Amino acid sequence: MKPKKEIIIEAVNLSKNYGSARGINNINLQVFDGEMFGFIGPNGAGKSTFIRTMLNFLFPTAGEIKIFGMDAVTDSSIIKENIGYVPSEVNYYDYMRVIDLLNFAASFHQNVDLGRIDYLCKKFNLDKTRKISELSFGNKKKVSIVQALLHKPKLLILDEPTNGLDPLMQKELFNTLKEAKKEGTTVFLSSHNLSEVERHCDRVGIIKEGIIVDIKDVSKINHNTIKKVVITTSKKINLKVKGISNSYYAKHELHFRFSGNINELLMELSKYDIKDISIFPLTLEDDFLEYYGK
Amino acid sequence: MNLFKVEIKKNIKGGIIWGIVLSGILSLYMAFFPTMREAGFSELMDGKLDMLPEGLLDSLGLTEMPDFSIFMEYYTYVFQFIIIGIAIYAMILGTKALSKEEGDKTIEFLYAKSVTRSQIIISKMISSILLLCIVILMVMTTSLVADLIHTSGKNTLMILIVNCMMLIPILVYWSIGFAISSFLKDDNKSIVIAISLFFGTYLIGMVANTIADLEMLKYLSPINYNSAAEIFKFFDNRIGAELNISALILSAFIFASGIVTTFIKYNEKNLLS
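Analysis parameters
- Here the residue index of a chain counts from 1 through its sequence in written order.
- Chains and ligands are labelled sequentially in the order written, the chains with letters from A and the ligands with numbers from 1.
- Where totals are concerned, whole chains, interfaces and linings use all residues; where local detail is concerned, this predicted model gives features only for residues with pLDDT of at least 70, and gives and counts side-chain atom pairs only at 80 or more.
- To get the side-chain values, take all heavy atoms of the structure and skip hydrogens and water.
- Helix and strand definitions here come from DSSP, where helices need a minimum of 4 consecutive H or I residues and strands a minimum of 2 consecutive E residues; each element is numbered from the N-terminal end.
- Exposure categories follow from relative accessible area, calculated using a 1.4 Å probe and restricted to protein chains: below 20% of the type maximum is buried, above 50% is exposed, and the middle band is partly exposed.
- The contact criterion used throughout is that any non-hydrogen atoms of two residues lie within 4.5 Å.
- All accessible-area figures derive from a Shrake-Rupley calculation using a 1.4 Å probe, and residue coverage is judged against the displayed protein chains alone.
- We score Asp and Glu as negative and Lys and Arg as positive, and we do not count His or the chain ends.
- To locate a charge, take atom NZ for lysine, CZ for arginine, CG for aspartate or CD for glutamate.
- Accessible area that two parts lose when put together, with a 1.4 Å probe and added across both, is what the buried area reports.
- Whenever a carboxyl oxygen of Asp or Glu lies within 4 Å of a side-chain nitrogen of Lys or Arg, that contact is scored as a salt bridge.
- Identification of polar contacts relies on pairs of N or O atoms within 3.5 Å, with a donor-acceptor requirement for protein atoms, meaning one able to donate a hydrogen and the other able to accept it, and with residues adjacent in sequence counted only if both atoms are side-chain atoms.
- All amino acids are sorted into three groups, where Ala, Val, Leu, Ile, Met, Phe, Trp, Tyr, Cys and Pro are nonpolar, Asp, Glu, Lys and Arg are charged, and the leftover types, Gly among them, are polar.
- Two cysteine sulfur atoms make up a disulfide if the distance between them is within 2.5 Å.
- Values of pLDDT, ranging from 0 to 100, describe the predictor's confidence in every residue of the model.
- These domain limits were set by an automatic method or by a database of domain assignments.
- Each nonpolar core is a collection of buried residues, namely Ala, Val, Leu, Ile, Met, Phe, Trp, Tyr and Cys, held together in the definition by side-chain atoms within 4.5 Å.
- Here, strands pair whenever DSSP counts at least two bridges between them.

Glancing now at the overall build of chain A. When its secondary structure is counted, chain A shows nine helices and 14 strands. C-alpha atoms of chain A, sized along the principal axes, occupy 70 × 50 × 40 Å. With 294 residues in all, chain A has 49% of them scored as buried. Of the contacts made within chain A by residues no fewer than 6 positions apart, 68% connect residues no fewer than 24 positions apart. A total accessible area of about 14400 Å² is found for chain A, and carbon and sulfur atoms account for 49% of it. The distance from the centre of the 41 positive side-chain charges to the centre of the 36 negative ones in chain A is 3 Å.

Let's shift gears to the interface of chain A and chain B. Contact residues are listed per partner, giving 25 residues for chain A and 25 residues for chain B. Buried surface at the junction of chain A and chain B, summed over both partners, amounts to about 2400 Å²; 59% is from carbon and sulfur atoms. Our enumeration of links across chain A and chain B arrives at one salt bridge. A salt bridge links B:Glu108 to A:Arg52, with the shortest nitrogen-to-oxygen separation between them at 3.1 Å. On inspection of chain A and its partner chain B, the count reaches 13 residue pairs in polar contact (both at pLDDT 80 or more). When contributions to the side of chain A that touches chain B are tallied by element, the ones reaching two or more residues are strand S1 (7-18), helix H2 (76-80) and helix H3 (98-106) of chain A. Along the lines of polarity and charge, the residues of the side of chain A that touches chain B split into 15 nonpolar, six polar and four charged.

Moving on: unusual backbone geometry. Positioned with a positive phi, A:Asn125 is a non-glycine residue whose angle comes to about 55°. One can find A:Asn125 in the loop between helix H4 (114-123) and helix H5 (137-149). Note on A:Asn125: relative accessible area 58%, which makes it exposed. Backbone geometry at B:Asn237 places phi at a positive 55°, although glycine is not the residue there. By the secondary structure assignment, B:Asn237 is in the loop between helix H11 (228-235) and helix H12 (245-267).

Turning our eyes to something else, we now look at the state of the cysteines. All names here are of chain B. This structure, assessed with the given rule, holds zero disulfides over all chains. Cysteine 164 provides the cysteine sulfur closest to cysteine 133, a residue in no disulfide bond, and the two sulfurs are 9.5 Å apart. Classification of cysteine 133 as partly exposed rests on a relative accessible area of 32%.

This next bit is on the side chain of B:Thr106. With respect to the helices and strands, the residue B:Thr106 is situated in the loop between helix H5 (71-104) and helix H6 (107-111). For B:Thr106, a relative accessible area of 4% translates into the label buried. Among the polar contacts listed, one links the side chain of B:Thr106 to the side chain of B:Glu101, at a separation of 2.7 Å. For B:Thr106, the residues in contact, after removing those within four places along its chain, are A:Asn91, A:Tyr92, A:Tyr93 and B:Glu101.

Take the confidence of the model for chain A next. Summarising the model, chain A shows a mean pLDDT of 89, and 96% of its residues fall at 70 or more. Looking at the elements of chain A, mean pLDDT is at its lowest for helix H9 (residues 284-291) of chain A, recorded as 72, and at its highest for strand S5 (residues 70-71) of chain A, recorded as 97.

Within helix H1 (residues 47-54) of chain A, seven of the eight residues are buried, leaving the element largely enclosed by the surrounding structure. Of all the positions in H1(A), only A:Lys47, A:Thr49, A:Phe50, A:Ile51, A:Arg52, A:Thr53 and A:Met54 are classed as buried.

The next thing to look at is the domain arrangement of chain A. Residues and elements named next belong to chain A. The domain boundaries assigned to chain A delineate domain 1 (7-220) and domain 2 (227-291). Each of domain 1 and domain 2 has a C-alpha centre, and these two points are 39 Å apart. Every contact between the two is made by 12 residues of domain 1 and, on the other side, seven residues of domain 2. Between domain 1 and domain 2, roughly 830 Å² of surface is buried when both sides are summed, and carbon and sulfur atoms account for 74% of that area. When the buried surface of domain 1 facing domain 2 is broken down by residue, Leu194, Glu198 and Ile206 rank first, second and third, together holding 49% of it. Viewed at the interface, domain 2 and domain 1 are joined by zero salt bridges. Summed over the shared surface of domain 1 and domain 2, the result is zero residue pairs in polar contact (both at pLDDT 80 or more). Elements that contribute at least two residues to the side of domain 1 that touches domain 2 include exactly helix H7 (194-200), strand S9 (203-208) and strand S10 (211-217). The residue inventory of the side of domain 1 that touches domain 2, partitioned by class, reads seven nonpolar, one polar and four charged.

In summary, soluble globular proteins display a tendency toward joint burial of nonpolar side chains. One finds A:Phe50, A:Phe188 and B:Ile86 to be the most contacted residues of the largest nonpolar core, which totals 142 residues. Take this core: its biggest share by element is 20 residues, from H5(B). In this structure, A:Phe50 is in contact with A:Ala11, A:Leu14, A:Ile24, A:Ile27, A:Leu29, A:Phe39, A:Ile65 and A:Phe188, ignoring residues within four places of it in sequence. Of all hydrophobic cores here, the second largest spans 10 residues; its members include A:Val229, A:Ile231, A:Phe256 and A:Phe258.

Residue and element names in this part refer to chain B. Looking at where tyrosine 173 falls in the secondary structure, it is placed in helix H9 (residues 167-183). A relative accessible area of 2% means that tyrosine 173 is categorised as buried. Once you skip the residues sitting within four places of it in the chain, tyrosine 173 turns out to touch Ala87, Met91, Phe198, Thr201, Ser221, Pro222 and Ile223. In terms of polar contacts, tyrosine 173 uses its side chain to reach the backbone amide nitrogen of isoleucine 223, at 3.3 Å.

A few words on the pairing of S10(A). Residues and elements named next belong to chain A. The pairing of S9 with S10 spans six bridges and is classified as antiparallel. Within S10, the position partnered with lysine 208 by the bridge is isoleucine 211. Connecting the antiparallel pair S9 and S10 is a turn made up of two residues, with glutamate 209 showing a positive phi of about 50°.

As structure tokens, then:
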């Protein structure tokens, strides 16, 4: 029998409403030790509100959220000893140099290996001597990533971490996250970039209008068993094969998902005048768009 | 300690500039003391000022005509304007303390670290008190140097007493500033709020001194509770001189309320993006 995994983040009936802005409603979520959890949703869906409630920037209106089994409100400062946070917008003290900011960040944690700061700065090609005010958005983001990683946190919370990073740095970031994951760090990744979530995360939560509409195991998103099929025809056709779902016509294109026997489908198609056919694996993006009705 | 150091580093330059400017103004005024000491000038002033309405003299802090030939009477008259400067600085320090981090959004960095909101408040309070002390020490040193030059240091103790006693209204404005800061979402209007509130209440205090029926309104202006001249006369054992004890109690109450309000409000505040 597999040992039960420790719960790192646990939201129970968590709600946060403020003013006219949409918050989050009755969220129930568990993130387990050592997993990389993706959190996706469009702008205004409640991703940041959830993260800000986790970090006690906001107080819950109802329900509770626990991190490492401790209450995110009452034990917030103890919890944060083991959290690294990369915000979507980076705002640091402009008058500081990068190294001052990193030393300041390190001073909040015990026994930080200062050699690790050098290691991370080299890894992310960050000049420690520059003033924060002189940095581009991408470089500020790198500072944000380094300060979140320097104390080897047990939980990393990243809100749109690749915004502003060039592709090389994005790759370096995910390599670093994978290394951290191997060492036991749990990663909570909020992102708009569905392919990056699909590539790197173990599970993914989809949030819509403040409600979590689905939590998926990425490895079980049916890449192989379900295909997305697009057929171009001269006139409308009615396919009679088992395994067709979500079908609709757009112009002269018939779109559908297919989970049946591919030979049966090809046999059926041979009865019609087909101009073109494309078959794609199903992606997280397809699931996501389905929830958002596009 | 880390937060405290960062706060000091961030604000020390501003504090020293305030100290230099206020000390400079004080030095300039005190440089006129030898002229004021000349009996002829004093008599001339007395004669001219006696012609002014009593209410106007009250509002100018000339309730009982100071004898400008006496160092401490001249000094306390000048000092009341220096105290206005320090009180405004105290109020600005308070109103910006918490709101500036929210306006700059640097507070998100702190909130993500293992530090409680109360620890953030305490660090900011201690560092701003230290900055105020630096400004007051600079002004006090200037005062002592002026005393040394003009009276060979005969009034050292009295200068120390007056300076220490005037810390009371300064701390009252400082704590009001902190309480306001805990309600603000950013620091855009913090200086305007601090200055308007200070001068608003100061003007009410002046009006209260001028019109007997409105005397109670002076309690809205902490800087008018016990003036530097009144403090000097009380500690100089002048006949009839007394301290307004109820005002001192009220000062302690406002100070404590400001601190308590800051902690309560800030600890329950949502940090909106």
